[in-house]
Structures are given as structure tokens and as C-alpha cells.
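Results of the structural survey
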Amino acid sequence: MKRFVRHVFVVAALVGALAAASPVMGWTEVDRTGTTGPHSLTDTNTNPGATCVYDYVSGWEVWELEHIYVNPPKIKAVAGNNNQKVAWTFTIQRRTWSIFEDDPGPWSNRYTSAKQFAFTDATHNAAFTQRGIAVNAPIEPGGDAAFQYRAQVKAIWYRANGTVQGTSTMRVQKYNHYQDLDTFKGSSCWDYTL
């Protein structure tokens, strides 16, 4: 039981520190290539860009991360295109926080979704839908480490010949957390919460 209490205390402290440091603005563009059209994410304090869904584990009296849903980007065609093919995909990244280390481990890609395609013009956003992935939180609650998860969204624009014209990779900064009827906001998803 001491290991569990220590783990929960460390995770709670880390969540508090990250929440205090999280930006109010939301998403961040981390990479751009080629020529892109207008694009953005709905990712604010009131409308986060991703949702973490938790399931209650009665034996441990904690909530375990079960699913991450990612909202699609808003993508318009490159100027001058009346019917441009576009796509989006998301990647879930994970890193480890150990109670024996001052800093977390590096982020690693754990899952990248298939592309979702649409056609759009320069004045309308492409008609995309939300997507998600089931999560397996392999670290046992009460251990000496915890997993932190985040999502990145990649928007893709295609030329008429099918080659990629441009891409934008955007990191989600705001997350809804659902625990049955309780909800709260955060700057990432954790493997377990209280």
C-alpha cells in the first residue's frame, strides 16, 4: 500500500505542475512541410482537442485510461483549389515518469492511425470525423512509475497527381477527462487517476 500511495502522490504532483504550466492558447504546430492551406485545431480550455476516457478499477480504487479520442483538424484547400484532396491522421505518444528520476523519459510514438480522406475547397473545412484508439496502460497502479500520453494531429494536402503538396503536424495541448459522470480538464492523459 505504501508504494501505491507514493505513486499516486508523485502522479498528483506531476499533474498539478503540468496543469499550471500548460498554455491557455491550445494546440502548437510542431512541423510544417511544403505548401498548406489554412488549418487549425479546436483545442481550448472549453473545447479540448482530445478526450481521455477512464474506467473504474474497483480492486485498486483508481480510474484506468481506456480510450483516447482525438478531434479532427480544420483543413481548407490551398488557395486556388476548388476540389483538393486532403487527409488527417493522429499519433499517440507516451513517456514514463519514474519516482526515482527528476525528469520524465522521452516521448515515443505508440500508435499512428490510418489516414482519413476528404475533398474540400479554399473556403470550406474538410468534413472529417473524430477518431480514437483503445489504450492498454501496462504499468500497474501503485508501482514506481506512471505513463503520460499525448496526441499529435497531422494534416496533409495532395496535388492533383496524388503526391503530397504539404503537411502540418500539430500537438494537442488540452484534454477532456471522463470518469463516468465526472469530468475534468488536463494538459495530457495519465495511465491512472484517483
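Residues numbered from 1 in each chain as written. Predicted model: local features only at pLDDT ≥ 70, side-chain atom pairs only at ≥ 80, totals over all residues. Heavy atoms only, no water.

1. Some remarks on the environment of Val57
- Here Val57 is to be found in strand β3 (residues 50-57).
- For the pair formed by Val57 and Tyr192, sequence separation is 135 residues and the distance between their alpha carbons is 9.6 Å.
- Not counting the four nearest positions on each side in its chain, Val57 is found in contact with Val62 and Glu64. (Helix = DSSP H or I, 4+ residues; strand = E, 2+ residues; numbered from the N terminus. Contact = heavy atoms within 4.5 Å.)

2. Quick word on the packing of aromatic side chains
- Applying the stated criterion across every chain, the model contains 7 aromatic pairs.
- Look at Trp88 and Phe128: their rings are 6.5 Å apart centre to centre, the planes differ by 55°, and that puts the pair in the tilted class. Taken as a pair, Trp88 in strand β6 (residues 84-98) and Phe128 in the loop between β8 (116-120) and β9 (131-134) lie far apart in primary sequence, 40 residues in all. Just as Trp88 is buried, Phe128 falls in that class too. (Phe/Tyr/Trp six-rings, centres within 6.5 Å; stacked < 30°, edge-to-face > 60°. Buried < 20%, exposed > 50% of the residue type's maximum accessible area, 1.4 Å probe, protein only.)

3. A closer look at the nonpolar core
- Counting residues in hydrophobic clusters, the biggest one holds 34 residues, and the most contacted among them are Leu65, Ile68, Val70, Ile92, Tyr149 and Cys189.
- Put simply, the parts of the chain that give this core at least two residues each are β3, β4 (62-70), β6, β10 (145-158) and β14 (189-190).
- At 8 residues, the largest contribution of residues to this core is made by β10.
- In this structure, Ile68 is in contact with Thr51, Ile92, Arg131, Gly132, Ile133, Val135, Tyr149 and Cys189, ignoring residues within four places of it in sequence. (Core = buried A, V, L, I, M, F, W, Y, C linked by side-chain atoms within 4.5 Å.)

4. Points about the environment of Tyr69
- As for its position among the elements, Tyr69 is in strand β4.
- Separated by 65 residues in the primary sequence, Tyr69 and Ala134 have C-alpha atoms spaced 8.8 Å apart.
- Setting aside residues no more than four positions away along its own chain, Tyr69 makes contact with Gly49, Ala50, Thr51, Val53, Gln130, Arg131 and Gly132.

5. Observations concerning the side chain of Thr51
- Among the structural elements, Thr51 can be located in strand β3.
- Since its relative accessible area comes to 11%, Thr51 is described here as buried.
- When sequence neighbours within four positions are dropped, the list of residues in contact with Thr51 reads His67, Ile68, Tyr69, Asn176 and Tyr178.

6. Some details on the state of the cysteines
- One pass over the structure, following the stated rule, counts 1 disulfide.
- The disulfide partner of Cys52 is Cys189, and the S-S distance across this bridge is 1.8 Å. Taking the sign of the torsion about the S-S bond as the criterion, the disulfide between Cys52 and Cys189, at about -65°, is left-handed. Of the two residues, Cys52 is situated in strand β3 and Cys189 in strand β14; the sequence distance between them amounts to 137 residues. One exposure class covers both Cys52 and Cys189, and it is buried. (Disulfide = S-S within 2.5 Å.)

7. Here we look at the pattern of salt bridges
- All told, the structure shown has 1 salt bridge when counted by the stated rule.
- Arg32 serves as the salt-bridge partner of Glu29, at 2.9 Å between the closest nitrogen and oxygen.
- By relative accessible area, which is 29% here, Glu29 ends up partly exposed.
- Residue Arg32 is classed as partly exposed on the basis of its relative accessible area of 47%. (Salt bridge = Lys/Arg side-chain N within 4 Å of Asp/Glu carboxyl O.)

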